[in-house]
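# Geometric and topological summary
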Amino acid sequence: MPIAIKRIYQAAEKSDGYRILIDRVWPRGLSKGQALIDEWVKEAGPSKELRQWFGHDPEKFQAFKEDYKEELQENEKQHEALERLKSLANIHEKDMTLIFAAKEETYNHARVLKEILDRQ
């Protein structure tokens, strides 16, 4: 099943399939009704400390990616969230879209999660 990533501020489309918000903090300016998500797996997001250090700086992306993957394995709640995403990817027979709020569309945690899920 294809896994896509998309900003929450972009219009929801039928082709998105099962929409999963993967941010720890609810996106600004949107109600839950406006978000049109099917599930919120907030523990899948990076820790506040890692997110703040990274700041979506392209030069820090590789180090962020490595540290984030380590968090996903070592932090129990984050690991459970990753396993939940893997499970959803396996049980849904339709497309799945990881939804995030960051303005930066290239260097963000959604790309890292997509890479992990695509490899399974």
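Residues numbered from 1 in each chain as written. Predicted model: local features only at pLDDT ≥ 70, side-chain atom pairs only at ≥ 80, totals over all residues. Heavy atoms only, no water.

### Overview of the pattern of salt bridges
This is how it is decided: By convention in these notes, a salt bridge is any Lys or Arg side-chain nitrogen within 4 Å of a carboxyl oxygen on Asp or Glu. Starting at the N terminus, helices and strands are each numbered in turn, a helix being any DSSP run of H or I of at least four residues and a strand any DSSP run of E of at least two. Summary of the burial criterion: residues with accessible area below 20% of their type's maximum are buried, those above 50% are exposed, and those between are partly exposed, where the area comes from a 1.4 Å probe applied to protein chains only.
Per the counting criterion, the structure on display carries 10 salt bridges. As a salt-bridge pair, glutamate 115 and lysine 69 come within 2.9 Å of each other at their nearest N and O atoms. In this pair, glutamate 115 is assigned in helix 5 (residues 109-119) and lysine 69 in helix 3 (residues 61-74), connecting sequence segments 46 residues apart. Linking lysine 114 and aspartate 118 is a salt bridge whose minimum nitrogen-to-oxygen distance equals 2.6 Å. Of the two residues, lysine 114 and aspartate 118 are both situated in helix 5; the distance of 4 residues between them amounts to about one turn of the helix. Note on lysine 114: relative accessible area 22%, which makes it partly exposed. Sharing partners across several salt bridges, the network here consists of Lys6, Glu13, Asp16 and Arg19.

### What to know about the packing of helix 3 against helix 5
The axes of two packed helices give the description: the angle between them and the distance between them. What counts, and what does not: Angles here are taken between N-to-C directions and fall from 0 to 180 degrees, while the axes themselves are lines fitted to C-alpha atoms, restricted in helices to the stretch in contact. We call two directions roughly parallel when the angle between them is under 35 degrees, roughly antiparallel when it is over 145, roughly perpendicular when it lies between 65 and 115, and oblique otherwise. Handedness of a crossing follows from how the near helix is turned relative to the far one, being left-handed for an anticlockwise turn of less than a right angle and right-handed for a clockwise one. Contacts were defined at the residue level, with two residues in contact if any of their heavy atoms lie within 4.5 Å. Gly counts as polar in this scheme, as do all residues outside two lists: the nonpolar Ala, Val, Leu, Ile, Met, Phe, Trp, Tyr, Cys and Pro, and the charged Asp, Glu, Lys and Arg.
The geometry of helix 3 relative to helix 5 is characterised by a closest axis approach of 10 Å and an angle of 60° between their N-to-C directions. One element, helix 3, and the other, helix 5, form an angle in the oblique class. For the element pair helix 3 and helix 5, the recorded crossing hand is right-handed. Contact with helix 3, carried on its side by Phe61, Phe64, Lys65, Tyr68, Lys69 and Leu72, involves His109, Val112, Leu113, Glu115, Ile116 and Arg119 of helix 5 and no other residues of that element. A per-class count over the contact of helix 3 with helix 5 returns 7 nonpolar, 1 polar and 4 charged.

### Observations concerning a negative patch on the surface
To keep it simple, the criterion reads: The residues that make up patches have over 30% relative accessible area and no salt bridge, and they are joined within 9 Å when like-charged or within 5 Å when they are Val, Leu, Ile, Met, Phe, Trp or Tyr. In short, Shrake-Rupley with a 1.4 Å probe defines the accessible areas, and a residue's cover is counted only from the protein chains shown. None of His or the chain ends enter the tally, which takes Lys and Arg as positive and Asp and Glu as negative. Each charge is placed at NZ for Lys, CZ for Arg, CG for Asp and CD for Glu.
A surface patch of like charges, here negative, comprises Glu66, Asp67, Glu70 and Glu74. Mapped onto the fold, glutamate 66 is located in helix 3.

### Things to note about the side chain of glutamate 39
Definition in use: Here a polar contact is recorded for every N or O atom pair within 3.5 Å, except that within protein the pair must consist of a potential hydrogen donor and a potential acceptor, and residues adjacent in sequence are included only if both atoms are side-chain atoms.
Residue placement: glutamate 39 occurs in strand 3 (residues 39-40). The class of glutamate 39 is buried, set by a relative accessible area of 17%. A distance of 2.7 Å separates the side chain of glutamate 39 from the side chain of tyrosine 18, its partner in a polar contact.

### A look at the packing of helix 4 (residues 76-91) against helix 5
Direction vectors running N to C along helix 4 and helix 5 enclose 55°, while the axes themselves pass 10 Å from each other. Judged on the interaxial angle alone, helix 5 and helix 4 are oblique. Read as a crossing pair, helix 4 and helix 5 show a hand that is right-handed. Facing helix 4, whose interface residues are Leu82, Leu85 and Lys86, helix 5 presents Leu113, Ile116 and Leu117. Of the residues assigned to the contact of helix 4 with helix 5, the class counts are 5 nonpolar, no polar and 1 charged.

### Remarks on the side chain of lysine 6
Tracing the backbone through its elements, the reader meets lysine 6 in strand 1 (residues 3-7). Given a relative accessible area of 9%, lysine 6 falls into the buried group. At a separation of 3.1 Å, a polar atom in the side chain of lysine 6 contacts the side chain of aspartate 16.

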